[in-house]
Amino acid sequence: MERLQSYFPQIKSLAEENPDYIYEGDQEAFEFFKENYLEYHAAQTSPTGKTYYLHPNRKGSVKLGEFWAKNLQKWLVEWGYGLNAL
């Protein structure tokens, strides 16, 4: 979790430095999954026997796809494409 969150400032910086090529993407999904990990992630066991939740289960994959689609739609609309699919 800490490693994942450490990427956020670098992604933000890269997006600010290269606005025509790099987009930060969705900002809502992380918080959603952080709060709802038991329902939307598969329990996994580390080599040390600790349970962790990193990868989405089927329900989580659907939800993640919805977040991605919503974010992609936002950018496509901003770029001038008229999309009303979501």
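Definitions and cut-offs
- Within each chain, residue numbers correspond to sequence positions counted from 1 in written order.
- Reporting in this predicted model follows two pLDDT cut-offs: at least 70 for local features of residues, and 80 or more for side-chain atom pairs to be given and counted; totals over whole chains, interfaces and linings ignore these cut-offs and use all residues.
- To obtain the side-chain values, all non-hydrogen atoms of the structure were included, while hydrogens and water were left out.
- Here, the term nonpolar core denotes a set of buried Ala, Val, Leu, Ile, Met, Phe, Trp, Tyr and Cys residues that are joined through side-chain atoms within 4.5 Å.
- Per-residue accessibility, obtained with a 1.4 Å probe over protein chains only, is compared with the maximum for each type, and a residue is labelled buried under 20%, exposed over 50%, and partly exposed between these values.
- The numbering of helices and of strands both runs from the N terminus, where a helix is a DSSP run of H or I of at least 4 residues and a strand a run of E of at least 2.
- Contacts are residue-level and defined by heavy atoms, with any inter-residue pair within 4.5 Å sufficient.
- Expected span of a helix: the number of residues minus one, times 1.5 Å.
- Think of it this way: a Phe, Tyr or Trp ring, Trp meaning its six-membered ring, pairs with another when their centres are within 6.5 Å, and the plane angle makes it stacked under 30 degrees, edge-to-face over 60, tilted otherwise.
- By definition, being over a ring means that NZ of Lys or CZ of Arg is both within 6 Å of the ring centre and within 35 degrees of the ring normal.

Novice: I'm lost on the nonpolar core in this one. Help?
Specialist: Membership of the largest hydrophobic core is limited to 6 residues, which are Ala 29, Phe 32, Phe 33, Tyr 40, Leu 64 and Phe 67. Contributions of two or more residues to this core are made by helix H2 (29-35) and helix H4 (58-78). Tallying contributions element by element places H2 first for this core, with 3 residues. Among all residues touching Tyr 40, those that are not within four sequence positions of it are Phe 32, Phe 33, Pro 56, Asn 57, Lys 59, Gly 60 and Lys 63.

Novice: Got a minute to help me understand H4 in this structure?
Specialist: Along an α-helix, residues three or four positions apart point the same way, because every turn accommodates 3.6 residues. With 21 residues, H4 extends 31 Å between its outermost C-alpha atoms, agreeing within 8% with the 30 Å of an ideal straight helix rising 1.5 Å per residue. Contacts from the buried residues of H4 go to H2, helix H3 (37-40) and strand E2 (51-56).

Novice: Sorry if this is basic, but what is going on with the environment of Ala 43 here?
Specialist: As for its placement among the helices and strands, Ala 43 is situated in strand E1 (residues 41-45). According to the relative accessible area criterion, Ala 43 is exposed, its value standing at 53%. Ignoring any residue separated from it by four or fewer positions in sequence, one finds Ala 43 in contact with Thr 51, Tyr 52 and Tyr 53.

Novice: Whenever I open this one, the packing of aromatic side chains confuses me. Can you help?
Specialist: Aromatic ring pairs: the centre-centre distance and the angle between the two ring planes describe each pair. All told, the structure shown has 10 aromatic pairs when counted by the stated rule. Here Phe 32 and Phe 33 contribute two aromatic rings whose centre-to-centre distance is 5.3 Å and whose plane-to-plane angle is 85 degrees, an arrangement assigned as edge-to-face. Grouping residues by exposure puts Phe 32 and Phe 33 together as buried. One aromatic cluster is present, built from ring pairs that chain together Phe 32, Phe 33, Tyr 40 and Phe 67. If you follow Lys 63 out to its NZ or CZ, it ends over the ring of Phe 32, 5.0 Å from the centre.

By themselves, these figures tell us nothing about what the structure is for.
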